[in-house]
Every structure is written in structure tokens, then in C-alpha cells.
Amino acid sequence: MQDLLLSIARCDEFETARADCNHPCHKIVSIQAQKDYQLPEPWNGNIESAQILYISSNPSYNPEETFPDNSWSNEVIEQFFRNRFQNFYYTKTHYWTCIKKYTSWIIGIPVDDPTLPDRICITEIVHCKSLREAGVQSCYKHCVQKWLNAILKEFKGQYVVLLGRFATEFENTIKLTGKVPLLMPHINARKVTDQYRKELIALWKEKSKVIPR
């Protein structure tokens, strides 16, 4: 698991992608300035023991965030992502607040249950960071081919939740793992109410006969 996490964070195609304008990842790796480049985000949480794996488009970029770059050691990089849900900056984001609500609705536990973060792992279709999915269209199929199956092999939990249009394209890939994925609108989708999201979860549970445990 550690080898895969670090392989994604220190992707071996980065330099080639930056230099080659025809590489599918060229646009997304060129968004950030080279100095203090924030590394690709493998996943957040403990993937081996998590109950739910959330898969979205790609991580958002904030140049002010304290985030791993090439100067960080492998050990510190690994601990950063494994312990991300204890990070004050991350736990104050709208994204994390919504993920907690989804988890509460899916598993049937209070949103403030102290065990809730331990049940979650979050990963992406594209691991490089950008704002508003910039560059994702060009590279997402390439990134999926390179990393997604390896990530799914590490996840032994019960639920897979696909968030947004890029992630939901890979519903059939998830089904090959023997799991029935829950397809949800992106967390930032406009005009999508909590009530509608709850109804999607309830319908999915009924159709797939998913029983919380």
C-alpha cells in the first residue's frame, strides 16, 4: 500500500508530461508553478480499513495550503495522507462537511460519531490538483488506466461512491470488483438538495440490497 501511495504522489510521468505538450497530462501539470509544486494526491484516509471509498474528479488546488511537495520525505508524505482527516484545514472545507453527511446517511450513524472518519477513504479519478476541474478533461482516462485498478485492489470495504460526471463514467469498472457503486451528483453541483441526495442513497440501497454494517 505504501509503495502505491508514493508511486502516485511521485508520479513517474510528471517530468515527461510537463515537457511534452502532446502528453494527456501536460495541461494539468502546467497549471501550478514549478516551485513548491503540490504533489498528486493518492488518497486520504486508511484505504485498507475504510468502509466507504469516495471517488471524485480531482483534488482542488490552493497555493496557500500546507501540502506535500518534493522536499517532503516519503514517510511524512504517507502520514499526511493517512491522517488527512485530522488536518484542521481539511476538516473545515465544504467538501469534508458533505462527505461526513453522505457517510452518516449511508451507514446510519450520527454525523458527529467519533468513528466516522475512520470509515472513510477519499480518492480521485485524476490525482493532480487544479481549480474547477481544469485540465481533467484531457487526462482523466489516462490517469484512470494508470492508477484506478491498483487503488481498487487496496480497498476492501463495502461501499464505493462515485461523485460527479467524470467519476460516474467508470461505473462498470467498479462493478468488476463485485461492488454496486452509488452514483451521486458532484458535491458542488448546483440546485441539488440534501433531500434529493438522501433519496438517491435510499433508492440505491433498495435496488442493490446494500445493508449497512
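Summary of the structure given here. Keep in mind that what you see is a predicted model, and the values were worked out from it rather than measured.

Thresholds, definitions, all that
Residues numbered from 1 in each chain as written. Predicted model: local features only at pLDDT ≥ 70, side-chain atom pairs only at ≥ 80, totals over all residues. Heavy atoms only, no water. Salt bridge = Lys/Arg side-chain N within 4 Å of Asp/Glu carboxyl O. Helix = DSSP H or I, 4+ residues; strand = E, 2+ residues; numbered from the N terminus. Buried < 20%, exposed > 50% of the residue type's maximum accessible area, 1.4 Å probe, protein only. Core = buried A, V, L, I, M, F, W, Y, C linked by side-chain atoms within 4.5 Å. Contact = heavy atoms within 4.5 Å. Pairing = 2+ DSSP bridges.

Take the pattern of salt bridges next. One pass over the structure, following the stated rule, counts nine salt bridges. A salt bridge links Glu41 to Arg84; the nearest nitrogen and oxygen atoms lie 3.1 Å apart. Of this pair, Glu41 sits in the loop between helix 3 (26-29) and strand 1 (43-45) while Arg84 sits in the loop between helix 4 (74-82) and helix 5 (88-91), and the two are 43 residues apart along the sequence. With a relative accessible area of 3%, Arg84 lands in the buried category. Put simply, Lys101 and Asp194 hold a salt bridge, and the shortest N to O gap is 2.8 Å. Taken together, the residues Lys101 in helix 6 (residues 94-107) and Asp194 in helix 10 (residues 194-208) connect sequence positions 93 residues apart. The network of salt bridges with shared partners includes Glu41, Glu65, Arg84 and Lys129.

Grouped together as the largest cluster of nonpolar side chains are 42 residues, with contacts concentrated most on Ile28, Val29, Trp43, Ile55, Ile77, Ile125 and Val126. Of all the elements in the fold, those that place two or more residues in this core are helix 1 (2-9), helix 2 (14-19), helix 3, strand 2 (52-56), helix 4, helix 7 (136-154), strand 4 (159-163) and helix 8 (164-168). Look past the residues within four positions of Ile77 in its chain and what remains in contact with it is Leu5, Leu6, Ala9, Arg10, Leu39, Pro68, Asp69 and Trp72.

Successive side chains on a regular strand alternate, one facing one side of the sheet and the next facing the other. Among the five residues of strand 3 (residues 120-124), five are classified as buried, and the element is accordingly described as predominantly covered. The alternating pattern of strand 3 places Ile120, Ile122 and Glu124 on one face and Cys121 and Thr123 on the opposite face, and all of these are buried. With three bridges connecting them, strand 1 and strand 3 associate as antiparallel partners. The residue bridging Gly45 from the neighbouring strand is Cys121, located in strand 3.

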